[in-house]
Amino acid sequence: MSKKPFMSDAGPVTDPEAFLPENPGESADTAATSGLTPDYLFYRQQFYRYPIKMNSINLQKLGWWRALIWLLSWLRTAVFPHRKPKQLEKAVRYTVGKYGFDQFYKDYIRKVSGRAAREIALASLPENRQLITVSVLLKKLSLLNKRTGEWKPLHLQDCNIAIAQMDVKAADLEVRNDPATGNVWVSMHYYSNPPENGWHQPDEVFQQQAVSELELTGLAAAANVLDVMVERQEIIVADHFNFAKEQLKDKDYSKASLAAYVFKNPANRWYVLGAIAAIILQFSVFKYLYPYASFINGDSYAYLDSAYHNFDTATYPIGYSRFLRLFSVFCKSDTALVALQYLFLESSLLALVFTLCYFLKPAKGTKIVLVCFVLFNPVLLYLSNYVSSDTMFLSLSLTWFTLLFWIMYRPTPKLVFWHGIVLFLAFTIRYNALFYPAIALLGFILASKRFWLKLAGLGFAVLLIFAFVQFTSNKYKKLTNIKQFTPFTGWQLANNAMYAYRYVDSAHRKPVPKKFEALDKSIREYFDSTRDVRRYPSEAMKASTVYMWTPHMPLQTYMRNQFKKDSTATQHKKWASMGPLYAEYGRFIIQQYPKEFAVNYLWPNFVKYYVPPVEFLEKYNMGVDSVTEVAKIWFNYKDRKVKTRLKSFDVPILSPYPVIVGMMTAMFLFGCISMLVLGAHKNPVLRKAMLLAFALWAVNMGFSVFASPIALRFQLFPILVSAAFTILVVGYIAEAAFINSQKEST
């Protein structure tokens, strides 16, 4: 038999007005040993590539209602775990779902095999059958429009076509074109298995039946028949369903994508189902208790105001404001926003957990603990409920770290591209991502091979960030006549420096440059007048942000004094204009009093890094029962009141978190040392993973302790990563101890 032409998913039609073949590829998924394996299946006047697969082309052919039913049926099969099938019916249903089996395969299998698919043992395939072939010579093929009864010319390439119609006894037909005459041979295949009747019927019976059924299929008109011949074969190999035998093989997911590993690997199906159920149940209960989103006084309303006015620059990075504005195009519900944030956060965490399991292959018990740690973590719900950049930044950071993991072990251009995009998006939402390229550099160095790909990937990410920095800097130059990336840095530096300056004795104060004299005088006068911490309790705080945000404190009052005569300046312009001066002043104070800065700011902040305060998360909506007007307008609230179904706005469930984080941090560091002692550094896969995790923890600590006051919501990224690795390390140690005890007992 001549080699078959390339087959397309769209069908075998070659009429230029109907279809032009595209993207030719291999025609079948299984080896054709008999030459009878179909290339297409004909169902409801449409051609489907054989074996049938769930894809967009096939869904479009079915129509939206049947497509929806098929999709739901397939999803049920794809999601729920199943064992290796023993019968052909189950094997086919596992590939296309129950609806797909009933529509495409049920009748066809009975016609080929002579019995129901559930009666056929998968291991017995392929089967030997008797074949009666009725070859019909046609002037041409025609396609019947069953609605109008009109026949239209049909041009098919050479192929084998399975017939799904039960009222047509022919199981399939073979189309062969004769280029010399322009005629077409269509061979109708009838399968028989003694002592079934049919084999010994006269040729005339089969000839009449074939012509009649060919017309019944709507593929040819009886008027175009030129000749009919009958041929009988005692034994043929019916290998039509060999594709189903793939279900008997043990699939190797060691080189699969993350999606295939998670959703197609039967070992992970129960985790996926449990995760879906846990996420839906927890979120439903949480929103029943807290029907409104939470707002941080200052942060949340600043984001909403920026989104409302579509500002190019704002107090905080514009990424989250742009996200809010984009989301508002589709939905104004705060519940929908919180749901999306929570789903994104849980998905990114689960992606990281499954990535760790994929590469590091922990024991089953460790895997269960990891998944439960991600799913049943209340801080994720409370964080997601805030209209704040925290959740989106955390989700993007986890996604970035997961992508970096994959690049470290299996770099591809696609992964490198998305790594750059995600890193850029994280940077637009919070500038804490400033140190991420340093971690990415380490990950790229640890990645195997493909030097130029790694170099291009890192350069791509840096280029995107540089473009955003330039855009923002130019906007600030237009606003303040000073080119700066973010005024926030200047305010933060001045705020941090004041915690050192407060504890400098007046006798030891050094002179300041003239440009700082007025600012320095107002700060010293403030410190001299607020020594009594009982009257001024905010002065007892260490490493906080009160100096940069409180209206009556020196940085804010000095700003207002500078713009007394300028009534046209907006609040944002005033705030941005002070950034460069405050940055210089903050650096000067820190350089002049490094010891005081280390003792009174760095050390308290370092302690906070070890046991981060719960901060705003300790109370729902910061303990107030109302929101500002911008929140009411943005989310279409009836009024400004928010409520909870609990007796109090307190969130006691998060109170133990600082202690838990401190314990997990100690265990993480101890685990890193233990893994070295146990020889984990000899395992290249584990060595890379531990090195990347420790680098993230260490670099983040250095950056965070110096940059800004520590709080739990700011540190959840390294906390979650280090906690996941702590669970892994404990699992490895427990597994090693168990193996050693088993060896000793034997």
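Scoring rules and cut-offs
- Residues numbered from 1 in each chain as written.
- Predicted model: local features only at pLDDT ≥ 70, side-chain atom pairs only at ≥ 80, totals over all residues.
- Heavy atoms only, no water.
- Helix = DSSP H or I, 4+ residues; strand = E, 2+ residues; numbered from the N terminus.
- Rg over C-alpha atoms; globule rule 2.2 N^0.38 Å.
- Buried < 20%, exposed > 50% of the residue type's maximum accessible area, 1.4 Å probe, protein only.
- Contact = heavy atoms within 4.5 Å.
- Areas by Shrake-Rupley, 256 points an atom, 1.4 Å probe, with all protein chains shown as cover.
- Patch = residues over 30% accessible without salt bridge, like charges linked within 9 Å, V, L, I, M, F, W, Y side chains within 5 Å.
- Salt bridge = Lys/Arg side-chain N within 4 Å of Asp/Glu carboxyl O.
- pLDDT = per-residue confidence, 0-100.
- Pairing = 2+ DSSP bridges.
- Expected span 1.5 Å × (residues − 1).
- Core = buried A, V, L, I, M, F, W, Y, C linked by side-chain atoms within 4.5 Å.
- Polar contact = N/O pair within 3.5 Å; in protein donor to acceptor, adjacent residues only side chain to side chain.
- Phe/Tyr/Trp six-rings, centres within 6.5 Å; stacked < 30°, edge-to-face > 60°.
- Lys NZ or Arg CZ within 6 Å of the ring centre and 35° of its normal.
- Axes fitted to C-alpha atoms, helices over the stretch in contact; angles between N-to-C directions.
- Left-handed = near helix turned anticlockwise from the far one by under 90°.
- Nonpolar A, V, L, I, M, F, W, Y, C, P; charged D, E, K, R; others polar.

Chemist: Explain the overall build of the chain here, please?
Modeler: On a plain count of helices and strands, the chain comes out with 26 helices and nine strands. Compactness check: the chain gives a C-alpha radius of gyration of 35 Å against a globular reference of 27 Å for 746 residues, more than 25% above the reference. A principal-axis box enclosing the C-alpha atoms of the chain has dimensions of 120 × 75 × 55 Å. Every one of the 746 residues in the chain was classed for burial, and the buried ones make up 51%. Contacts in the chain between residues far apart in sequence, at least 24 positions, make up 74% of those at least 6 positions apart. A total of about 35,700 Å² of accessible surface is found on the chain, and carbon and sulfur atoms cover 61% of it.

Chemist: Where do I start with a nonpolar patch on the surface in this structure?
Modeler: On the surface, W64, W65, L68, I69, L71, L72 and L75 cluster together into a nonpolar patch covering about 720 Å² of accessible area. Mapping W64 onto the fold places it in helix α2 (residues 64-79). On the basis of relative accessibility, which here comes to 68%, the residue W64 falls in the exposed class.

Chemist: How should the confidence of the model for the chain be read in this particular structure?
Modeler: Should pLDDT be low for a region, the predicted coordinates there are not to be read in detail. Chain-level statistics for the chain give a pLDDT mean of 88 and a share of 94% at 70 or above. Note that residues 15-33 has pLDDT below 50 and, in this model, 28 contacts with residues that lie over four places away or in other chains.

Chemist: Can you help me understand the pairing of strand β1 (residues 40-43) in this one?
Modeler: The side chains of a regular strand alternate between the sheet's two faces. The side-chain alternation of β1 yields two buried faces, one formed by Y40 and F42 and the other by L41 and Y43. In this structure, β1 lies alongside strand β2 (residues 46-49), joined through four bridges in antiparallel fashion. Bridging from a neighbouring strand, L41 pairs with Y48 of β2. Here β1 folds back onto β2, and the loop between the two strands holds two residues, one of which, R44, carries a positive phi near 50°. Inspection of the sheet shows β1 paired to strand β6 (residues 159-163) by three bridges, in the parallel sense. In the strand pairing of β6, F42 is matched with I163.

Chemist: Quick question: what am I supposed to make of helix α15 (residues 451-480) here?
Modeler: An α-helical turn contains 3.6 residues, so any two residues separated by three or four positions project in the same direction. Taking 1.5 Å per residue as the helical rise, α15 with its 30 residues ought to reach 44 Å, and the 43 Å between its terminal C-alpha atoms agrees with that figure. What α15 keeps buried is the set L453, K454, G457, L458, A461, I465, F468, T472, S473, Y476 and T480. Each element contacted by the buried residues of α15 is listed here: α13 (413-429), α14 (436-446), α16 (487-501) and α20 (571-577). Downstream of α15 by a residue or two, N481 has a phi angle that is positive, lying close to 65°.

Chemist: Whenever I open this one, the nonpolar core confuses me. Can you help?
Modeler: In summary, soluble globular proteins display a tendency toward joint burial of nonpolar side chains. Grouped together as the largest cluster of nonpolar side chains are 128 residues, with contacts concentrated most on F295, L304, L324, W400, F401, F405 and F725. Beyond its immediate sequence surroundings of up to four residues, F401 is in contact with L352, L692, A693, L696, F717, V721 and F725. If you look at the next biggest cluster of nonpolar residues, it comprises 39 residues, including V504, L555, A576 and Y585.

Chemist: Whenever I open this one, the side chain of E127 confuses me. Can you help?
Modeler: Mapped onto the secondary structure, E127 falls in strand β3 (residues 127-138). Side-chain polar atoms of E127 contact the side chain of R115, separated by 2.5 Å.

Chemist: Sorry, what's going on with the pattern of salt bridges here?
Modeler: Side chains bearing opposite charge may pair, as long as their charged atoms lie close to each other. By the definition in use, this model includes 20 salt bridges. Note that K641 and D625 form a salt bridge whose closest N and O atoms lie 3.2 Å from each other. A residue pair is termed long-range when its members are at least 10 positions apart, and K641 in the loop between α23 (629-634) and α24 (657-677) and D625 in the loop between α22 (594-610) and α23 qualify at 16 residues. Residue classification places D625 among the partly exposed positions, given a relative accessible area of 37%. Note that E629 is salt-bridged to K632, the shortest N-O span being 3.9 Å. With E629 and K632 both in helix α23 and three residues apart, the pair spans about one turn of that helix. We classify E629 as partly exposed; its relative accessible area is 39%. Salt bridges sharing partners connect three or more residues here, namely D299, D390, R430, E615 and R713.

Chemist: So what exactly am I meant to see when it comes to the packing of aromatic side chains here?
Modeler: The geometry of an aromatic ring pair is captured by two quantities: the separation of the ring centres and the angle between the planes. One pass over the structure, following the stated rule, counts 71 aromatic pairs. Seen in terms of ring centroids, F286 and Y290 are 4.9 Å apart; in terms of plane orientation they differ by 40°. Their pairing is tilted. Taken as a pair, F286 and Y290 share a single burial class, namely buried. Of note, K361 hangs over the ring of Y358, and the distance from its end group to the ring centre comes to 6.0 Å.

Chemist: Just to check I follow, could you spell out the packing of α16 against helix α21 (residues 579-592) for this structure?
Modeler: When two helices pack together, their arrangement is given by the angle between the helix axes and by the axis-to-axis distance. In contact at an axis separation of 7 Å, α16 and α21 are set at 35° when each is read in the N-to-C sense. At the point where α16 passes α21, the crossing takes the left-handed sense. Along its contact with α16, which presents P487, G490, W491, L493, A494, A497 and Y501, the element α21 presents G579, Y582, A583, Y585, G586, R587, I589 and I590. For the contact of α16 with α21, the class distribution of residues is eleven nonpolar, three polar and one charged.

Chemist: Would you mind going over the sheet that holds β6 with me for this structure?
Modeler: Strand pairing in a sheet takes place through backbone hydrogen bonds and is either antiparallel or parallel in direction. Spatially, β2-β1-β6-β7-β8-β3-β9 is the arrangement adopted by the seven strands of the open sheet, whose pairing is mixed. The sheet terminates laterally at β2 and β9 (225-238), the two strands that pair on one side only. Ignoring which end each strand starts from, the neighbouring axes of this sheet average 25° apart.

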